[in-house]
Amino acid sequence: NDVVPFAELLQAFAAYFKQPPLPPDDLGVLCLRALVADEHGDVTIEAFGRSTRYFPPFGPPALAKMRDTLSAGWFHGPVSKNEAEAALTRARKNG
């Protein structure tokens, strides 16, 4: 099966890294969910693979990297090419 519920991913994460279960309201967990889960809370292998490429090596330290990146003031999440160009143009004009 190429899709798993996010809760199942969290359980596997804790078991694999021999960690206590992570609370679902932990900021690192919420950031991981934002990166890998769809609107139904399902995780595809493709979305999981992207997260491991963006935040290697995947493991407990990656959650801290995700949290730090997603909470940084410069991070805007997924934006289209047009939105990115407009934001850069505004920033350039504002000096």
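Look up: the structure comes first, before these words.
Note that the coordinates shown come from a computational prediction; the quantities given were computed from them, not determined experimentally.

1. What to know about the pattern of salt bridges
Pairing is possible between side chains of opposite charge, provided their charged atoms come close. Taken as a whole and assessed by the stated rule, the structure comprises two salt bridges. Across the pair D68 and R67 runs a salt bridge, and its minimum N-O distance is 3.2 Å. Judged by relative accessible area, R67 falls into the partly exposed class, the value being 31%. E85 is the partner of K81 in a salt bridge, and the nearest nitrogen-oxygen pair spans 3.2 Å. Of this pair, K81 and E85 both sit in helix α5 (residues 81-93), four residues apart, which is roughly one turn of that helix.

2. Notes on the packing of aromatic side chains
Tallied over the entire structure, the rule returns five aromatic pairs. Where F13 meets F58, the ring centres are 5.5 Å apart and the plane angle is 80 degrees; that geometry is what we call edge-to-face. Here F58 lies in the loop between α3 (45-54) and α4 (60-70) and F13 lies in helix α1 (residues 6-16), a separation of 45 residues in the sequence. Looking at F13, the relative accessible area reads 4%, which means it is buried. Three or more aromatic residues joined by ring pairs form one cluster here, namely F13, Y16, F17, F48 and F58.

Parameters and conventions
Residues numbered from 1 in each chain as written. Predicted model: local features only at pLDDT ≥ 70, side-chain atom pairs only at ≥ 80, totals over all residues. Heavy atoms only, no water. Salt bridge = Lys/Arg side-chain N within 4 Å of Asp/Glu carboxyl O. Buried < 20%, exposed > 50% of the residue type's maximum accessible area, 1.4 Å probe, protein only. Helix = DSSP H or I, 4+ residues; strand = E, 2+ residues; numbered from the N terminus. Phe/Tyr/Trp six-rings, centres within 6.5 Å; stacked < 30°, edge-to-face > 60°.

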